[in-house]
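Results of the structural survey
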Amino acid sequence: AQRVTQPEKLLSVFKGAPVELKCNYSYSGSPELFWYVQYSRQRLQLLLRHISRESIKGFTADLNKGETSFHLKKPFAQEEDSAMYYCALSSYSSASKIIFGSGTRLSIRP
Amino acid sequence: KAGVTQTPRYLIKTRGQQVTLSCSPISGHRSVSWYQQTPGQGLQFLFEYFSETQRNKGNFPGRFSGRQFSNSRSEMNVSTLELGDSALYLCASSSGGKEDTQYFGPGTRLTVL
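A brief structural summary. All values reported here derive from a predicted model rather than from experimental measurement.

What counts, and at which threshold
Residues numbered from 1 in each chain as written. Chains lettered and ligands numbered in written order. Predicted model: local features only at pLDDT ≥ 70, side-chain atom pairs only at ≥ 80, totals over all residues. Heavy atoms only, no water. Core = buried A, V, L, I, M, F, W, Y, C linked by side-chain atoms within 4.5 Å. Buried < 20%, exposed > 50% of the residue type's maximum accessible area, 1.4 Å probe, protein only. Helix = DSSP H or I, 4+ residues; strand = E, 2+ residues; numbered from the N terminus. Contact = heavy atoms within 4.5 Å. Buried area = accessible area lost by both parts, 1.4 Å probe. Salt bridge = Lys/Arg side-chain N within 4 Å of Asp/Glu carboxyl O. Polar contact = N/O pair within 3.5 Å; in protein donor to acceptor, adjacent residues only side chain to side chain. Pairing = 2+ DSSP bridges.

Here's the deal with the nonpolar core
- By size, the foremost hydrophobic cluster in this structure holds 25 residues, and its most contacted members are W35, L72 and Y85 of chain A.
- Among the elements of the structure, β2 (10-14), β3 (19-21), β5 (32-38), β6 (45-49), β9 (83-90) and β11 (104-109) of chain A are those that each provide at least two residues to this core.
- The element best represented in this core is β9 of chain A, accounting for 4 residues.
- Among the nonpolar cores identified, the runner-up in size contains 21 residues, and V4, V32, V78 and C91 of chain B belong to it.

Take a look at the structure:
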């Protein structure tokens, strides 16, 4: 079964500390992995996707096929990073059918 | 470019009624996907329409249906509403290619009493 697991509902770190949001997935083929973010009172938006291998707002995520993980990392958290983060996957054949994890609320303490 | 718009933003219905939600995609986008977001189940894919045809479907009962018009605007209909249908309904649009980014609307908050 296709599934995305985010084990932490809430993650609270101090400003300047490293951040790691965990994501594990279950998929029988080769999925495309994403991180979406929703800031307070804003729309859900794409943060990054594994195929682009970019760093967005200082965040990076590496796809580990052996561990079926796609953890989101940032070396130094900033207060504006406080938001809800969703890990998600889709297949290349059904790119618009996105399966989301349950989300992790990241809170950055000053 | 104007973003994805959804109407109405808030809706209150009673059990047994039906409801229609509307989504206008970004200009030029041909794909519209619908999602249901609830505290218990999170974000769940409902269906996707591309060029007026349903291209993908999630695991929702037949009470949930949709359609897409020639201008790519999409409507979602829920018949015989149940209390559990109370949710935030999000739509997202993209150009429809395999590596395209989906852009989400603000959602319609449906409350079923």
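From this point, the narrative continues.
Section: the interface of chain A and chain B
- Counting residues at the interface gives 15 residues for chain A and 22 residues for chain B.
- Taken together, the two surfaces of chain A and chain B that pack against each other cover about 1600 Å², and 52% of this comes from carbon and sulfur.
- Considering only the surface of chain A that becomes buried against chain B, R43, S96 and K97 of chain A emerge as the three largest contributors, covering 36% of it.
- Here chain A is connected to chain B by 0 salt bridges.
- For the pair chain A and chain B, the number of links is 5 residue pairs in polar contact (both at pLDDT 80 or more).
- Those elements that provide at least two residues to the side of chain A that touches chain B are β5 and β6 of chain A.

Some details on the sheet that holds strand β8 (residues 72-74) of chain A
All names here are of chain A.
- Across the sheet, which stays open at both edges, the 3 strands sit in the order β3-β8-β7 with antiparallel pairing between neighbours. Sheet topology places β3 and β7 (60-61) at the edges, where each strand pairs with a single neighbour.
- The sheet contact formed by β7 and β8 spans 2 bridges and is antiparallel. Bridging from a neighbouring strand, A61 pairs with L72 of β8.

Looking at the environment of V19 of chain B
All names here are of chain B.
- Mapped onto the secondary structure, V19 falls in strand β3 (residues 19-24).
- Overall, V19 belongs to the buried group, its relative accessible area being 2%.
- Between the alpha carbons of V19 and N77 there is a distance of 5.6 Å; along the sequence they are 58 residues apart.
- Once residues lying within four places of it in the same chain are set aside, the contact partners of V19 are L11, K13, M76, N77, V78, L81 and L110.

Description of the pattern of salt bridges
Residues and elements named next belong to chain A.
- The final tally for this structure, using the stated rule, is 9 salt bridges over all chains.
- Of the charged contacts in the structure, one is a salt bridge between K22 and E20, with a shortest N-O distance of 3.1 Å.
- Look at E20 and you get partly exposed, because its relative accessible area is 29%.
- For K74, the salt bridge identified is with D81, shortest N-O distance 2.8 Å.
- For K74, a relative accessible area of 5% translates into the label buried.
- The exposure class of D81 is buried, given its relative accessible area of 3%.
- Members of the salt-bridge network, linked through shared partners, are E20, K22 and K73.

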